[in-house]
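Residue-level listing of the chains:
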Amino acid sequence: MNFIAPAEFIMPKVPQYQSGYLVIESDDGNYGDYTHWYQKIKILAEKYSQWANSKAVTCGFNINSGTIGKGGKLNLQQLMTIYNSGMEIMAHGRHHVGLGQLTLTRPAVSGDTKIYVGDLTNTGVQHNQGAGYIYTYRLYDENKEEIVTLTGYNTNENSLLVQPLNNSYAAGAKLQISAASIEQLVQGCVNDLRAWGIETKNFTFPYHAGSYYDPYPAAVDYVSQWFDSCRGNYDNTNVLDSINWSNLAAMAIRVNTPFATIDSLLDQTVNNNLLLIAFGHGETSDEILSRLEYLVDGAMSRGIRILQRRDAYKLLR
């Protein structure tokens, strides 16, 4: 009888952590989340742990549940593959409609069907159109208010088409997403994810709105009631002894982000024991993916622990 010698046991690599924490996320549920980011993170996890399912390198994905299966977005099978691999799925609103506020820049009178507001760039009104304008807004000043239904928009002139107004308003009146629509956006996303077997206690503001662009404190307060953490602040890091879990700060991974900037952020993180959240949008370009890999390599070489947001909350709160 021939005996086969047992294979030599190789001790798995164990990350050597020093200080600082890194959370990597991808927003919006774009198809590149599965085809590129998920695949890259798996490769990097294997590189550093020798185990395909290790969480030594991991990522979280912020999903607009109402767009799953639509053009350019993840389909349900891809989403579930990511989830079942152990990576975190977080709520990002049913659609990518911002929760911030706008200000009328011109007076509006009763019967008007067009109103002029501030910059529409970070409001998500185009996604409201894609959703069939199901999300409504509260228009108000000191003396009166009404619920406004959008019918169109023009980003060049920063105008919104609306159903005829019941009241007149001076410039400076506020336009904020209605309470009913906040619930539709936020709880609707949670309900969709739950129907697919995904439970989440973490949220990311679409367009950072409600928390950074055109802040709307009521939206931040509402969302923070339902989630352990909400990410909304922008271009900043989180100091461990004063983390604002209802409005976490994050840094974007951009196509033109200098590698020296990534090094600087990682140095700050390890030297000051910070929580750094870095995010992208499922990009498929080599420029972004090379920066994602550089970020992971830099964190691991410095002894920064990479973890999911739900684990950061449990560990650091």
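First, a word on what this report is: a plain description of the structure on this page.

**As for the overall build of the protein**
Okay, step 1: Regarding its fold elements, the protein presents eight helices and 16 strands.
Okay, step 2: By principal-axis analysis of the C-alpha atoms, the protein measures approximately 95 × 45 × 35 Å.
Okay, step 3: Expressed as a percentage of its 317 residues, the buried residues of the protein come to 51%.
Okay, step 4: Put simply, of all contacts in the protein between residues at least 6 apart along the chain, 77% involve residues at least 24 apart.
Okay, step 5: Accessible surface, the protein as shown: approximately 14,400 Å² in total, 49% of it carbon and sulfur.
Okay, step 6: Taking the 24 positively charged and 30 negatively charged side chains of the protein as two groups, their mean positions are separated by 3 Å.

**A closer look at the sheet that holds strand β8 (residues 150-154)**
Okay, step 1: Pairing is antiparallel across the open sheet formed by three strands, whose spatial order is β5-β9-β8. What marks the edges here is a single partner per strand, and that holds for β5 (114-116) and β8. Here the strands of the sheet are splayed against their neighbours by 25° on average, with no regard to which way each runs.
Okay, step 2: Sheet topology note: the β8/strand β9 (residues 159-162) ladder contains four bridges and is antiparallel.

**Section: the packing of helix α4 (residues 179-195) against helix α5 (residues 217-226)**
Okay, step 1: Where α4 contacts α5, the two axes come as close as 11 Å, and the packing angle between them is 35°. As α4 runs across α5, the sense of the crossing is right-handed. In this structure, α4 uses Ile 182, Glu 183, Val 186 and Gln 187 to contact α5, whose residues at the interface are Ala 219, Tyr 222, Val 223 and Trp 226.
Okay, step 2: Here the residues of the contact of α4 with α5 sort into six nonpolar, one polar and one charged.

**A short note on the side chain of Gln 187**
Okay, step 1: With respect to the helices and strands, Gln 187 occurs in helix α4.
Okay, step 2: Owing to a relative accessible area of 16%, Gln 187 belongs among the buried residues under this scheme.
Okay, step 3: Beyond its immediate chain neighbours, meaning those up to four positions away, Gln 187 contacts Ile 182, Tyr 222 and Trp 226.

**Overview of the sheet that holds strand β4 (residues 101-103)**
One key point about sheets: their strands pair by backbone hydrogen bonds, in either a parallel or an antiparallel sense.
Okay, step 1: Strand order in the open sheet formed by four strands is β4-β10-β6-β7, and the pairing between neighbours is antiparallel. Strands at the two margins of the open sheet, each flanked by one partner only, are β4 and β7 (145-148). Neighbour to neighbour, the strand axes of the sheet diverge by 25° on average, direction disregarded.
Okay, step 2: Inspection of the sheet shows strand β6 (residues 137-140) paired to β7 by four bridges, in the antiparallel sense. Looking at β7, one finds that Arg 138 is bridged to Ile 147.

**Quick word on the pattern of salt bridges**
Okay, step 1: Here the structure, examined in full by the defined rule, presents 13 salt bridges.
Okay, step 2: In this structure, the salt-bridge partner of Lys 144 is Asp 141, at a minimum N-O distance of 2.9 Å.
Okay, step 3: With relative accessibility at 29%, the residue Lys 144 sits in the partly exposed group.
Okay, step 4: In this structure, Arg 302 and Asp 263 form a salt bridge, with 3.1 Å as the shortest nitrogen-oxygen distance. Residue Arg 302 is found in helix α7 (residues 286-302), and its partner Asp 263 is found in helix α6 (residues 259-272); the two are separated by 39 residues along the sequence.

**Points about α7**
Three or four residues apart is the spacing at which side chains of an α-helix point the same way, because the helix has 3.6 residues per turn.
Okay, step 1: In this model, α7 (17 residues) spans 24 Å end to end at C-alpha, consistent with the 24 Å of a helix rising 1.5 Å per residue.
Okay, step 2: Restricting attention to buried positions, one finds in α7 the residues Ile 288, Leu 289, Arg 291, Leu 292, Leu 295, Val 296, Gly 298, Ala 299, Met 300 and Arg 302.
Okay, step 3: Its buried side turned inward, α7 meets β1 (21-27), α1 (32-49), α6, β15 (274-280) and β16 (305-306).
Okay, step 4: Backbone geometry just after α7 places Gly 303 at a positive phi near 80°.

**Observations regarding the packing of α1 against helix α2 (residues 76-84)**
Okay, step 1: Interaxial distance between α1 and α2 falls to 10 Å at its minimum, and their mutual angle equals 25°. For the element pair α1 / α2, the angle class is roughly parallel. Two secondary-structure elements touch here, α1 through Asp 33, Tyr 34 and Tyr 38 and α2 through Gln 78, Thr 81 and Ile 82.
Okay, step 2: Split into classes, the residues belonging to the contact of α1 with α2 amount to three nonpolar, two polar and one charged.

**Some details on unusual backbone geometry**
Most peptide bonds take the trans configuration, and most residues that are not glycine carry a negative phi.
Okay, step 1: The phi dihedral of Tyr 207 is positive, around 60°, even though this residue is not glycine.
Okay, step 2: Inspection of the secondary structure puts Tyr 207 in the loop between β11 (202-204) and α5.

**Let's talk about the side chain of Asn 128**
Okay, step 1: Mapped onto the elements of the fold, Asn 128 is located in helix α3 (residues 125-130).
Okay, step 2: If sequence neighbours within four positions are ignored, Asn 128 has contacts with Val 97, Tyr 133, Ile 134, Tyr 135, Tyr 137 and Leu 150.

**What about the pairing of β7?**
Remark: a regular strand shows side chains that alternate across the two faces of the sheet.
Okay, step 1: Side chains Glu 146 and Val 148 of β7 all project onto a buried face; the interleaved residues Glu 145 and Ile 147 project onto a face where none is buried.
Okay, step 2: Where β6 hands over to β7, the hairpin turn is made up of four residues, counted between the paired strands.

**Here's the deal with the pairing of strand β2 (residues 60-63)**
Okay, step 1: Alternating residues of β2 divide into Gly 60 and Asn 62 and Phe 61 and Ile 63, and every residue in both groups is buried.
Okay, step 2: Relative to β2, β1 runs parallel, the two being bridged by three bridges. Counted as the bridge partner of Glu 25 is Gly 60 from β2.
Okay, step 3: Judged from the four bridges that link them, β2 and strand β3 (residues 88-91) form a sheet pairing that is parallel. Bridging from a neighbouring strand, Phe 61 pairs with Ile 89 of β3.
Okay, step 4: Following the backbone out of β2, through α2 and into the adjacent parallel β3, one traces a crossover that is right-handed.

So, how was this worked out
Residues numbered from 1 in each chain as written. Predicted model: local features only at pLDDT ≥ 70, side-chain atom pairs only at ≥ 80, totals over all residues. Heavy atoms only, no water. Helix = DSSP H or I, 4+ residues; strand = E, 2+ residues; numbered from the N terminus. Buried < 20%, exposed > 50% of the residue type's maximum accessible area, 1.4 Å probe, protein only. Contact = heavy atoms within 4.5 Å. Areas by Shrake-Rupley, 256 points an atom, 1.4 Å probe, with all protein chains shown as cover. Lys, Arg positive; Asp, Glu negative; His and termini not counted. Charge placed at Lys NZ, Arg CZ, Asp CG, Glu CD. Pairing = 2+ DSSP bridges. Axes fitted to C-alpha atoms, helices over the stretch in contact; angles between N-to-C directions. Left-handed = near helix turned anticlockwise from the far one by under 90°. Nonpolar A, V, L, I, M, F, W, Y, C, P; charged D, E, K, R; others polar. Salt bridge = Lys/Arg side-chain N within 4 Å of Asp/Glu carboxyl O. Expected span 1.5 Å × (residues − 1). Parallel < 35°, antiparallel > 145°, perpendicular 65-115°, else oblique. Right-handed = clockwise from strand over helix to strand, strands pointing away.

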